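As a plain string of letters, each chain reads:
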Amino acid sequence: MADQVLVIGSGGREHALAWKLAQSPRVKHVYVAPGNAGTAGNGKISNSAVSVSNHAALAQFCRDQEIRLVVVGPEVPLAAGIVDDLTAAGVRCFGPTAKAAQLESSKSFTKAFLDRHEIPTARWKSFSDPKAACSFINSANFPALVVKASGLAAGKGVIVASNKEEACKAVTEIMQDKTFGTAGETVVVEELLEGEEVSCLCFTDGVTIAPMPPAQDHKRLMDGDEGPNTGGMGAYSPAPQISKDLLEKIRDTILQKTVDGMRKEGVPYFGVLYAGLMLTKDGPKVLEFNCRFGDPECQVILPLLKSDLYEVIQAVINKKLSSSMPVWFEDSAAVTVVMASEGYPGTYPKGLEITGLPKAKQLGLEVFHAGTALKDGKVVTSGGRVLTVTAIKEDLMTALQEANKGVAAIHFKGAIYRKDIGYRAIAFLRQSRGLTYKNSGVDIAAGNTLVQKIKPLAAATSRSGCNAELGGFAGLFDLKAAGYEDPVLVSGTDGVGTKLKIAQACKKHDTIGQDLVAMCVNDILAQGAEPLFFLDYFACGKLDVEVAEGVIAGIAEACKKAGCALLGGETAEMPGMYPPGEYDLAGFAVGAVERGQMLPQLERIADGDVVIGVASSGVHSNGYSLVRKIVEKSSFDFSSPVGVSGDQTLGDLLLTPTKIYSKTLLPVLRSGHVKAYAHITGGGLLENIPRVLPESFGVTLDALTWKIPEIFCWLHKEGNLSEEEMTRTFNCGIGAVLVVQKELAQQVLKDIQRHEAAWLIGKVVSLQKGSAHVKVHNLLRALQANRSLSVHSHIQGKIQTNKVKVAVLISGTGTNLEALINSTKKPTSFAQIVLVFSNKAGVEGLRKAERAGIPTRVIDHKLYESRTEFDSAVDKVLEEFSVELICLAGFMRILSGPFVKKWEGKILNIHPSLLPSFKGANAHKLVLQAGVRVTGCTVHFVAEEVDAGAIIFQEAVPVKVGDTVETLSERVKEAEHRAFPAALQLVASGAVQVGEAGKIYWK
C-alpha cells in the first residue's frame, strides 16, 4: 500500500525532494509545506498551508492526512526540534534531532566537537566580545581571516576577509551591527585554508554511512567567482577532484568519525550529513557541517540516485541502512544553474512573471522552483534565488551546455545567473595527469596478496609428475614420472553455471570450488583418463581477496580429492564487467590414459549389457537456472530451514558439492570390465548416456531401482515439472553410469559399492527406428515414493493446519519482527502471528504488522501505577486473541513475576550473545572487552531472572579483528533474523518443551 509523505520547506531543494519521492511506487502523494509554484498541483505533488512552526498542529495534520513520513528540508525547523516533536507524537520523521542539529546550528559547538574527536579542521577560536575577537585576529600566528556567525544565517553567515582590517570589520558588522541577527551573538574566527572547496554528503542511520557522489557549489554571485557571497548560484556532481581513494579517506576520517562521535556523546545522528570541506595540501579539512541536503547540491545529487529515495529514507529511520545501501547512476554527471532576482543577495523585486518554463522541459531538463509563486494563473518571482535548471548528461561539459540552454530559454526581468558552473572541474579534467592501473579499478597489490595466500594451497596438491608451485609463466607435468608408458592426453573444461548465484546470495564460497573441479575431472573419466593437473580461471569486477581465497581453497581441496595437481590459474579483475560481489569461474582439467585403456569401447557394447548407476550428492552443478526460478516462485528462500531438524537451509542443501568420482571409479574403469562411462551433467539422463553408446543402441532405466534424493522430489512438485523436464535437466540422483557385461555386473557393482552408493538401474537395448535413446520408467512413482519418506520435512512443504497462535510484543521497530512475520507466513510454519502488541503508539513495528495484515493493539504502560497492573492488562488482550506463545521482539519492559509464572515455557526472547556468557545490557561491548573470538545470539525461554531461561537455539558469529560494537551488532542481528524464527518453529511444532525445573526436553 502506497503512503502519503510530507516535505517541509519551500525551496529548490524541497522541490527536488518531492520530485524524487514522487517517483517511488510506495508513495501515493507528496505534500509540500509551504511549497512553491513548482510543487503546486504537479501530479502526485501538491502544496499544503499547514503551519510548519506549530509542531502540535503539524502533528495533527499528519494524523488527519495519514502522513506516514515527514522529510525536513531546511535547517531552521531542524534546529527548532521539529523531528523531536513529531517523533514524540508518533510521526515518522527524516532528519536529526535538535541536539544533533547543533552540528549546523552552532559553529562553536561544531568546532569543539571536531577537536574532541580529532577530525581535521581549521584552527579557530570563538568569541562573544568583538574586541577580543579583533585582538585575536591581529595576534594569531596564522591567517585568522574567516569570520563566521555561530548560529544559523541561511548559508550566508561566513565572511572570508582578504586582510586583518576586513576581518575586524566583519566582526563589527556581525556582532555590533547585527547583520545576521541573533545568529551573530557569538562569532567563530578561524584560519583561512587554501585549496579546493567541495561538498561531501552521506545518508546515515546513526551507525552506517552511505556517501553520496561528491559535489561542488558556487557561492559567489558572478562568473569567475566574483561578487558577493550567496546561498549558492549553482553546483555540479560528481566532483572529479575527489578520487575514489580520497572519497574513502573522507568517509573514514570525517563522515564516519563524526557519526561515531555523535553516538558516543549520546546524541545519535540520523538523516543527511553534509560536510563542507577544503582539500588542502595536508588533506581534507572540515569547513562546516550542514544537517540536511544542501541547496543547490540537492538538485544535482538526487537526479543521480538510482535507488528509490523513499526506501533509502525508510532504511535510515529503521536503522537498516547497511542492508539497503543506495545505488547511484554511474558514468553520469549533473549540473544545476541558479537563476536569481536582480539585486540578490540584497533587496530584489517580487511578482515578476516567469516565461519559457515549458521550453526548458522540452529540452529534457529538470526545473526546480525555489522563490516562485502563482499569481492569476501565472508563475511569478517571490524570492532571491528563483529557480534552478538541472541537466543530467554523460559528462560535465555536456551537462553544463544543456543547463545553459535551459537557462537561456527561461525569462524574467533582471534575471541573473552564472554561465561557468563547473569551470574548476572542467579545468581539472583538462589537466594532463598520469593514470595508474589502480585508477582504472585493477588492484595489482590485492592480486599479489591473493597469490601469496594460495601458493601453499596449491603446493599441497603436488603429486608424482608435478610439484604444483605457482608463480611461473607456465606449469610443467612429467608424464614419465607419473608412470605412463604410451599415454594419450585428455582435456576437459567446464564451469558451474548459475549455482554461483546461489553461492553468492548465501555468501558461501568454500564448496563451489569442488563443483568446478568435479565437473571437469568427471568429464575426462568418460575417456578412462586419470586427472593429472587442473587450472582455474576466477573473474570479477573488483577483487575481494577473502572471497577469492575461499573459492580457490575449495578448488585446491577438491584437487587433492581428485588426485590432480593445481598447476596454475588466472585471476582476472575486470572493472565494469561484473556487478559488485559477483564473480565467475571456469576450470580446465588435463588427464592421461594408456592408449589401450581408452573409453568408451563402442565395439564391445551389446544388447543386454547392464547399466550401473552411481549416486549423485544432489543436484550437482546443472539445471540451476531452473532451480532458482522454482525457488523464486515458491514460498521458500535460500535461508529457509529444511529437514526434520531444520538445521540446514535450502541454500546449504542446494550448494551440496558435486561428487568427484575419479579416485573411486578409476580402478574400476581400468579393470577392463567397463565398456563405457558417462558423466550425468548438463542435459540430464536423456542427453548424456547416448554420448557413450553406438547409434544403434539405447538404454531403458527403472527409476524404482535407485534412491532419488528428496531435493528432486521437491523440485518436481514445486516446479510442476514434467517427467521429461526432470530427466533432461537433472541427474535425478545418478551422477554417473557405467555400461558392463551382464555376467560381470554384480562383481563391478560390488567393487563400486566399496566406495559409492550404486545400483543396477537398467540395460542396453537395440534401438528401433524412431525410438528414444533413453527411456526412464516409473519416474513419477519413484518421486512420489521418495517424497513420502520425508513427510515431516520442511522442504516438502507440508502445510500445517492447526497452527500455534503467537503474539509478538514490541516497543519500537520490532527487532526481528519482520523475520518472524516472513517465517510464519510460509505454509510449512507451525506458528501463526495473531497479534502484534506495543506499549507505544505509532511505532514502525505496528505499521509492519498492519502491512502484513496482522491485528495490533497498543496499551501505554504509563497509564498504570505498577508493572503488575500493566501486565494484567496485557494478559487480558492475549486471552482475547487466544494467544498460546509470546515472542519478545524489542519489548522494552521488564515483565512481572506473576506474568512470567503464568506464561512459563510460553515466552521466547532473544539475547545478542551466546548465553550464559555476557548477560544483560551491552553484550557486544562486553564481548569485545573480553577478547573472545566467537559470540552470537541465543533464543531462550523467559524466566524471572534476566537472561536465565532455558536455551532453545543458538547461532555463533565470529568476532573479526577490528570489530566495533556497531559492526559486530550488525552481523549478530543477521544471525538473530535466522535464529528467532527457527526457535519459534521448534517450540510451536512441539519439538522443544520446558519440563520440570525449567529444563529443555526434545522430542
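Above this note sits the structure.
Below is a summary of the structure that appears in this document. (Residues numbered from 1 in each chain as written. Predicted model: local features only at pLDDT ≥ 70, side-chain atom pairs only at ≥ 80, totals over all residues. Heavy atoms only, no water.)

## Observations regarding the overall build of the chain
Stage number 1. For the chain, the helix and strand inventory stands at 32 helices and 43 strands.
Stage number 2. For the chain, the spread of C-alpha atoms along the three principal axes comes to 110 × 75 × 60 Å.
Stage number 3. Out of the 1003 residues belonging to the chain, those deemed buried represent 54%.
Stage number 4. Considering only contacts within the chain whose residues lie at least 6 apart along the sequence, 74% involve residues at least 24 apart.
Stage number 5. When the accessible surface of the chain is summed, it comes to about 42,800 Å², and 51% of that surface belongs to carbon and sulfur atoms.
Stage number 6. Within the chain, the 107 negative side-chain charges are centred at a point lying 2 Å from the centre of the 107 positive side-chain charges. (Helix = DSSP H or I, 4+ residues; strand = E, 2+ residues; numbered from the N terminus. Buried < 20%, exposed > 50% of the residue type's maximum accessible area, 1.4 Å probe, protein only. Contact = heavy atoms within 4.5 Å. Areas by Shrake-Rupley, 256 points an atom, 1.4 Å probe, with all protein chains shown as cover. Lys, Arg positive; Asp, Glu negative; His and termini not counted. Charge placed at Lys NZ, Arg CZ, Asp CG, Glu CD.)

## Quick look at the packing of helix α15 (residues 444–459) against helix α18 (residues 545–562)
The geometry of a pair of packed helices is captured by two quantities: the angle between their axes and the separation between those axes.
Stage number 1. Between α15 and α18, the least distance of the axes is 10 Å, while the angle of their chain directions is 25 degrees. Between α15 and α18, the interaxial angle falls into the category roughly parallel. The chirality of how α15 crosses α18 is right-handed. Within the contact between the two elements, α15 uses A446, T449, L450, K453, I454 and L457 and α18 uses V545, A548, E549, I552, A553 and A556.
Stage number 2. When its residues are assigned to classes, the contact of α15 with α18 shows nine nonpolar, one polar and two charged. (Axes fitted to C-alpha atoms, helices over the stretch in contact; angles between N-to-C directions. Parallel < 35°, antiparallel > 145°, perpendicular 65-115°, else oblique. Left-handed = near helix turned anticlockwise from the far one by under 90°. Nonpolar A, V, L, I, M, F, W, Y, C, P; charged D, E, K, R; others polar.)

## Section: the packing of aromatic side chains
The geometry of an aromatic ring pair comes down to the distance between the two centres and the angle between the two planes.
Stage number 1. Inspection of the entire model under this criterion finds 13 aromatic pairs.
Stage number 2. Ring plane angle 50 degrees and centroid distance 6.4 Å describe the contact between F837 and F870, whose orientation is recorded as tilted. Of the two residues, F837 is situated in strand β36 (residues 831–838) and F870 in helix α29 (residues 867–880); the sequence distance between them amounts to 33 residues.
Stage number 3. Accessibility expressed as a relative area gives 0% for F837, which makes it buried.
Stage number 4. Ring-pair connections join several aromatic residues into one group, and the members of that group are F127, F136 and F142. (Phe/Tyr/Trp six-rings, centres within 6.5 Å; stacked < 30°, edge-to-face > 60°.)

## Quick look at the pairing of strand β18 (residues 333–340)
Stage number 1. Across the eight residues that make up β18, a large majority, eight, are buried.
Stage number 2. Taking every second residue as pointing to the same face, both faces of β18 are buried, with A333, V335, V337 and M339 on one and A334, T336, V338 and A340 on the other.
Stage number 3. Of the pairings in the sheet, the one linking strand β15 (residues 234–237) to β18 comprises four bridges and is antiparallel in character. Bridge pairing in β18 links Y236 to V335.
Stage number 4. Here eight bridges tie β18 to strand β22 (residues 385–393), and the two strands are oriented antiparallel to one another. Opposite V335, over in β22, you have A391 as the bridge partner. (Pairing = 2+ DSSP bridges.)

## Let's talk about unusual backbone geometry
Stage number 1. Across the junction of Y344 and P345, the peptide omega takes the value 10 degrees, indicating a cis bond.
Stage number 2. As for its placement among the helices and strands, P345 is situated in the loop between β18 and α12 (357–362).
Stage number 3. Despite not being glycine, E118 shows a phi value in the positive range, around 55 degrees.
Stage number 4. For E118, the position within the fold is in the loop between α6 (107–116) and β6 (124–127).
Stage number 5. Here E118 falls in the exposed class, since its relative accessible area comes to 65%.
Stage number 6. Phi at N778 takes a positive value of approximately 65 degrees, unusual for a residue other than glycine.
Stage number 7. Of note, N778 is situated in the loop between β34 (774–777) and α26 (779–788).

## Quick notes on the pattern of salt bridges
Stage number 1. Enumeration according to the criterion identifies 46 salt bridges in this entry.
Stage number 2. The salt bridge partner of D252 is R251, with a shortest N-O separation of 3.1 Å.
Stage number 3. The exposure class of R251 is partly exposed, given its relative accessible area of 29%.
Stage number 4. The shortest N-O distance in the salt bridge between E366 and K361 comes to 3.3 Å.
Stage number 5. Residue K361 is classed as partly exposed on the basis of its relative accessible area, which comes to 45%.
Stage number 6. Salt bridges here are not isolated pairs; linked through shared partners, they connect E196, D223, D225, R418, D420 and R424. (Salt bridge = Lys/Arg side-chain N within 4 Å of Asp/Glu carboxyl O.)

## What about the pairing of strand β2 (residues 27–34)?
Stage number 1. Most of β2 is tucked away, with six of its eight residues classed as buried.
Stage number 2. Both strand β1 (residues 3–9) and β2 contribute to a ladder of seven bridges, which runs parallel. Bridge pairing in β2 links V7 to V32.
Stage number 3. The parallel pair β1 and β2 is bridged by helix α1 (residues 12–22), and the resulting crossover is right-handed.
Stage number 4. In the sheet, β2 pairs with strand β3 (residues 45–47) via three bridges, with the strands oriented parallel. Residue pairing for β3: Y31 is matched across the bridge by S46. (Right-handed = clockwise from strand over helix to strand, strands pointing away.)

## Quick word on the packing of helix α13 (residues 396–409) against helix α14 (residues 423–430)
Stage number 1. Running from N to C, α13 and α14 cross one another at 150 degrees; their axes reach a closest spacing of 10 Å. One element, α13, and the other, α14, form an angle in the roughly antiparallel class. α14 is crossed by α13, and the crossing has left-handed handedness. Contacts between α13 and α14 involve L396, M397 and L400 from the first element and A425, I426, L429 and R430 from the second.
Stage number 2. Grouping the amino acids of the contact of α13 with α14 by side-chain chemistry returns six nonpolar, no polar and one charged.

## Examining the sheet that holds strand β35 (residues 804–810)
Stage number 1. Taken in spatial order, the seven strands make up an open sheet running β37-β36-β35-β38-β39-β40-β41, and their pairing is mixed. The open sheet terminates on both sides in strands that have one partner only, identified here as β37 (856–858) and β41 (951–958). Taking each pair of neighbouring strands and ignoring which way they run, the sheet shows an average axis angle of 20 degrees.

## Points about the sheet that holds strand β23 (residues 487–494)
Stage number 1. The strand order across the open sheet formed by four strands is β23-β26-β24-β25, and the pairing between neighbours is mixed. Among the strands making up the open sheet, the edge pair consists of β23 and β25 (565–573). Taking the axes of each pair of neighbouring strands and ignoring which way they run, one obtains an average angle of 15 degrees across the sheet.
Stage number 2. Examined bridge by bridge, strand β24 (residues 530–540) and β25 share eight bridges and lie parallel to one another. Paired with F534 across the bridge in β25 is L566.
Stage number 3. Of the strands in this sheet, β24, β25 and β26 (583–594) touch α18, which is tilted by about 170 degrees from β24.

## Comments concerning empty space enclosed by the protein
One way to see where empty space is left: roll a probe the size of a water molecule over the atoms.
Stage number 1. Using the criterion set out here, one finds six cavities of 30 Å³ or more in the structure.
Stage number 2. In this structure, the largest cavity occupies an estimated 70 Å³ of space.
Stage number 3. Forming the boundary of the largest cavity are 13 residues, of which V72, F94, V272, R292 and F293 lie nearest the centre.
Stage number 4. Here the residues of the lining of the largest cavity sort into eight nonpolar, three polar and two charged.
Stage number 5. One number sums up the size of the second largest cavity: a volume of about 40 Å³. (1 Å grid on protein atoms, 1.4 Å probe; cavity = no way out; pocket = protein on both sides within 12 Å on 5 of 7 lines; lining within 4 Å. Points joined across faces, edges and corners; volume = space filled by probe spheres on them.)

## Here we look at the side chain of H620
Stage number 1. If you trace the backbone, H620 turns up in the loop between β27 (610–615) and α19 (624–633).
Stage number 2. The exposure class of H620 is buried, given its relative accessible area of 1%.
Stage number 3. When sequence neighbours within four positions are dropped, the list of residues in contact with H620 reads K499, D515, T658, K659, Y661, N731 and G735.

## Points about α6
Stage number 1. Where burial is concerned, most of α6 is hidden: seven out of the 10 residues are buried.
Stage number 2. Buried residues of α6: K107, S108, F109, T110, K111, F113 and L114, and no others.
Stage number 3. In this fold, the buried residues of α6 make contact with α5 (102–105), β6, β7 (146–149), β9 (187–190), α9 (244–264) and β17 (283–290).
Stage number 4. Where α6 terminates, the next one or two residues include E118, which has phi positive at roughly 55 degrees.

## What about α14?
Stage number 1. Taken as a whole, α14 has its buried residues at A425, I426 and F428. Summarising the axial view, the buried residues of α14 lie within an arc of 160 degrees, below the 170-degree limit, and thus occupy one face.
Stage number 2. Elements in contact with the buried residues of α14: β15 and α13. (Arc of directions from axis to C-beta.)

## What about the nonpolar core?
Stage number 1. Among the nonpolar cores identified, the biggest contains 84 residues, and F534, Y583 and L701 are the most heavily contacted of them.
Stage number 2. The element that contributes the greatest number of residues to this core is α18, accounting for 10 residues.
Stage number 3. Not counting residues up to four positions away in its chain, the partners in contact with L701 are V611, L685, I689, W706, I761, G762, V774, K775, V776 and H777.
Stage number 4. Counting residues in each nonpolar core, the second largest holds 45 residues, with A33, V83, L114 and L273 among its members. (Core = buried A, V, L, I, M, F, W, Y, C linked by side-chain atoms within 4.5 Å.)

In short, the description is geometric, and any link to function would need to be established separately.
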